[in-house]
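Report on the structure
Below, each chain spelled out in residue letters.
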Amino acid sequence: MEARTEISSLGEFGLIKRINQGIKTKLPDTIKGIGDDAAVVDLGTEFGLLSSDMLLEGVHFDLTFFPLKHLGYKAIAINVSDIAAMNGIPHQVTVNLALSNRFSVEAIDELYEGMKTACADYNVDLVGGDTSSSRSGLLISVSVFGRVKKDLITYRNTAKANDILCVTGDLGGAYLGLQLLEREKQVFLANPNMQPELEGKDYVIQRQLRPEARMDVIYELAEAGVLPTAMIDISDGLASDLLHLCAQSGVGAIVFEERLPIDDQTYLAATELNLSPMTAALNGGEDYELLFTVPQDAYELIKNNPKISVIGYVTDNKEEIALHTKGDNRVPLTAQGWS
Ligand code: ADP
Ligand code: MG
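The present account deals with the structure reproduced in this document.

We now examine the coordination of the magnesium ion (ligand 2). Protein coordination of the magnesium ion (ligand 2) is provided by Asp-37 (OD), Asp-82 (OD) and Asp-233 (OD), with donor distances spanning 2.0 to 2.1 Å. Motif for the magnesium ion (ligand 2), donor spacing along one chain: D-x44-D-x150-D. One end of the pair, Asp-37, is in the loop between strand 1 (30-32) and strand 2 (39-42); the other, Asp-82, is in helix 2 (residues 68-84), with 45 residues separating them in the sequence. Its relative accessible area of 7% is what places Asp-82 among the buried residues.

The next subject is the site of ligand 1. Inspection of the region around ligand 1 gives Ile-16, Ile-19, Ile-34, Gly-35, Asp-36, Asp-37, Asp-53, Asp-82, Arg-156, Asp-233 and Ser-235 as its neighbouring residues. Contact distances for ligand 1 include 3.2 Å between an oxygen atom and a side-chain N or O atom of Arg-156. Ser-235 is positioned such that a nitrogen or oxygen atom in its side chain is 3.2 Å from an oxygen atom of ligand 1. In isolation ligand 1 offers 560 Å² of accessible surface; the protein chains occlude 64% of this area. Residues of the shell around ligand 1, tallied by class, amount to 3 nonpolar, 2 polar and 6 charged.

Note that an α-helix has 3.6 residues per turn; residues three or four places apart therefore point the same way. For helix 6 (residues 215-224), the complete set of buried residues consists of Met-215, Val-217, Ile-218 and Leu-221. Projection of helix 6 onto a plane perpendicular to its axis shows the buried side chains occupying an angular sector of 160°, all on one side. Gly-225 sits one or two positions beyond helix 6 and adopts a positive phi of about 75°.

Right, let's get into helix 5 (residues 202-209). Listing the buried residues of helix 5 in full gives Val-204, Ile-205, Arg-207, Gln-208 and Leu-209. Against the buried residues of helix 5 lie helix 2, helix 4 (173-190), helix 8 (264-273) and strand 10 (289-294).

Positionally, Thr-315 belongs in strand 11 (residues 308-315). A distance of 3.2 Å separates a polar side-chain atom of Thr-315 from the backbone nitrogen of Asn-317. Sequence-distant contacts of Thr-315, defined by excluding residues within four places in its chain, comprise Ala-161, Asn-162, Val-251, Gly-252, Ala-253, Ile-254 and Glu-320.

Considering the arrangement of structural elements, one finds Glu-212 in the loop between helix 5 and helix 6. Overall, Glu-212 belongs to the partly exposed group, its relative accessible area being 30%. Glu-212 sits 131 residues away from Ser-81 along the chain, and the two C-alpha atoms are 7.9 Å apart. Not counting chain neighbours up to four residues away, the residues in contact with Glu-212 comprise Tyr-73, Tyr-122 and Tyr-288. Within polar-contact distance, the side chain of Glu-212 engages the side chain of Tyr-73 at 2.8 Å. Side chain to side chain, Glu-212 and Tyr-122 meet in a polar contact 2.4 Å long.

Each value, and the rule that gives it
Residues numbered from 1 in each chain as written. Chains lettered and ligands numbered in written order. Predicted model: local features only at pLDDT ≥ 70, side-chain atom pairs only at ≥ 80, totals over all residues. Heavy atoms only, no water. Donors = N, O, S within 2.8 Å, 3.2 Å for Na, K, Ca; no water. Helix = DSSP H or I, 4+ residues; strand = E, 2+ residues; numbered from the N terminus. Buried < 20%, exposed > 50% of the residue type's maximum accessible area, 1.4 Å probe, protein only. Near = heavy atom within 4 Å. Polar contact = N/O pair within 3.5 Å; in protein donor to acceptor, adjacent residues only side chain to side chain. Areas by Shrake-Rupley, 256 points an atom, 1.4 Å probe, with all protein chains shown as cover. Nonpolar A, V, L, I, M, F, W, Y, C, P; charged D, E, K, R; others polar. Arc of directions from axis to C-beta. Contact = heavy atoms within 4.5 Å.

Structure (structure tokens):
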């Protein structure tokens, strides 16, 4: 009998690693295959960037609280985010849909309204896709094509010891927004007459339902003349994505707990739900902020940008990727993909 290995024994990252080991690229214009936020192809004067991300009902979203318009927006934004992470500019997207007869024409109109708004916001053209029926639920898979000047591309594997570690925006909000929405869903299921208690929580809810790709910061860094040494977008959580960046660069990093950017609403939601705001910031995921490294002499150029926080530094000790706590302890950071 043939051996059967459970996927859960490898986990998400182990599985991708295994797929990668079996694939060798052969074309001279394939510059980078599996392993970064986007694949890189040589277009002559520029690099082209290719990436896809899918959203699956019941896994990535729950339509009892996820408006289709926002879902359409998010499907585009999370793809644009991977282009941003390469320091690129998104140009075209294609959209693959699988849907069951549970969805009406009006529902699909709503979904596309959101996608069109995102395409307008990020200046991207929707140029094609594929549509199929599905036996259960909705699947949206988007692919994006972007461009970047060859000398401006930022990979994950080029962070250097002594670089400054930076993050955009704030962290943990999307995760706590999701926890609040799930709590309200349970309350509603138990008693449909209850009104949702989401007042004053608009920011964290929005972080979950309508994330933005940080193209704004990409343009601001370019304007300031700052080229990150390495960059990744934070889709799985700061800890997990920092571990990818460090492992691929062969470096270590120290993150200061007191430097982690956490919004007041994130703190409040965490307190209310009895969750740790720190854990949400480190492991929550879905914030779609950018994590990047810059040489020390770039500090003067970024320190006044309110969208950027300096959270730590890169070291040459690849054995240590740790959180320096407020109590002056060093705690190793650990990753969590899906299992
Ligand atoms: P991101 O979070 O930036 O979207 P992922 O963690 O999903 O990146 O993927 C990491 C790398 O693995 C990327 O280069 C991606 O293209 C590649 N990858 C993911 N799934 C597959 C797959 N099923 N087959 C081939 N490559 C994959
Ligand atoms: Mg990414």
